[in-house]
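Descriptive analysis of the structure
Single-letter residue listing:
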Amino acid sequence: MPTCNRRANIAALTTDDLTERMTLLAGELNPIDHMDCAVTLIAELGLRPGEVAGLSWRDVDLEHNIIVLRKTCDNAGDLHNLKTTYGRIVQLTPVAAESLRQRQKVLTAYLKRYARDLLEGNGPDAEPEDTTPVICTPEGVRTRPRGISLWWNKNRRRFPMGNWTLANLRQARLRKAQTASPIDLPTEANSARRADLE
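So, a few notes on the structure that sits alongside this text.

Another aspect to go through is the packing of aromatic side chains. Given two aromatic rings, their pairing is described by the distance between the two centres and the angle made by the two planes. Within this structure, the stated rule accounts for two aromatic pairs. Ring centres of Trp 151 and Phe 159 lie 6.3 Å apart, and the angle between their planes is 50°; this geometry places the pair in the tilted category. Phe 159 carries the same exposure label as Trp 151, and that label is buried. Pairing Trp 152 with Phe 159 gives two aromatic rings, centres 5.4 Å apart and planes at 10°, and the pair type is stacked. Grouped by ring-pair contacts, the aromatic residues Trp 151, Trp 152 and Phe 159 constitute a single cluster.

Encoded structure:
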């Protein structure tokens, strides 16, 4: 099996080439699908698969367009705290924010349907709880990082990224972020999220 030289694939591309490829990838991914949403978050935010798998809805603030990384998920499905005390705040890109909004709608619809089926139509409206994983199966089971990697390895040929690995996507996003101007988080959003963490 041929190996992939991660540095050569990305280093050979200009910033414009990276932007074009990432835009094409975003157009091909369907945020309704949990695996497509996971890849969107990796490609758009530069997150690791374990960070994406560790996200719960309490970590997502769509009003301020940020997520707070508090936990990471290992391949056994166990959650672990990040090394930082308060977690890490990540600014959402417009594509990542829209993907999360659509993912939340899908989970809400599924939970409402499940509640109706469970309680024979008399169930209350259900929404994802704070502890519900963002990246989960329709049954609410948290997706493991290895599952995301295996899915990408199996399906990546259908996307305009060639043989890129998830690490390549993450590196491309981080490289693109290095060339962009820094994003200042709104002070009130940063303060509000820090207060919630304490």
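From this point, things continue past the structure.
Before going further, it helps to spend a moment on the nonpolar core. One finds Leu 41, Ile 67, Leu 100, Trp 152 and Leu 169 to be the most contacted residues of the largest nonpolar core, which totals 40 residues. Every element with two or more residues in this core is listed here: helix H2 (15-28), helix H3 (34-45), helix H4 (49-53), strand S2 (66-69), helix H5 (94-118), helix H6 (145-155) and helix H7 (166-179). Examining the composition of this core, we find that eight residues originate from one element, H3, more than from any other. Apart from the residues lying within four places of it in its own chain, the contact partners of Ile 67 are Leu 45, Leu 47, Leu 55, Asp 59, Val 60, Arg 88, Ile 89, Val 90, Leu 92 and Leu 100.

What follows concerns the sheet that holds strand S1 (residues 60-61). Overall, antiparallel pairing links the three strands, which are arranged S1-S2-S5 in an open sheet. The sheet is open, and its two edges are formed by S1 and strand S5 (88-91), each paired on a single side. The pairing of S2 with S5 spans four bridges and is antiparallel. Across the sheet, Ile 66 pairs through a bridge with Gln 91, a residue of S5.

Cut-offs applied
Residues numbered from 1 in each chain as written. Predicted model: local features only at pLDDT ≥ 70, side-chain atom pairs only at ≥ 80, totals over all residues. Heavy atoms only, no water. Phe/Tyr/Trp six-rings, centres within 6.5 Å; stacked < 30°, edge-to-face > 60°. Buried < 20%, exposed > 50% of the residue type's maximum accessible area, 1.4 Å probe, protein only. Core = buried A, V, L, I, M, F, W, Y, C linked by side-chain atoms within 4.5 Å. Helix = DSSP H or I, 4+ residues; strand = E, 2+ residues; numbered from the N terminus. Contact = heavy atoms within 4.5 Å. Pairing = 2+ DSSP bridges.

That is the geometry; function is a separate question.
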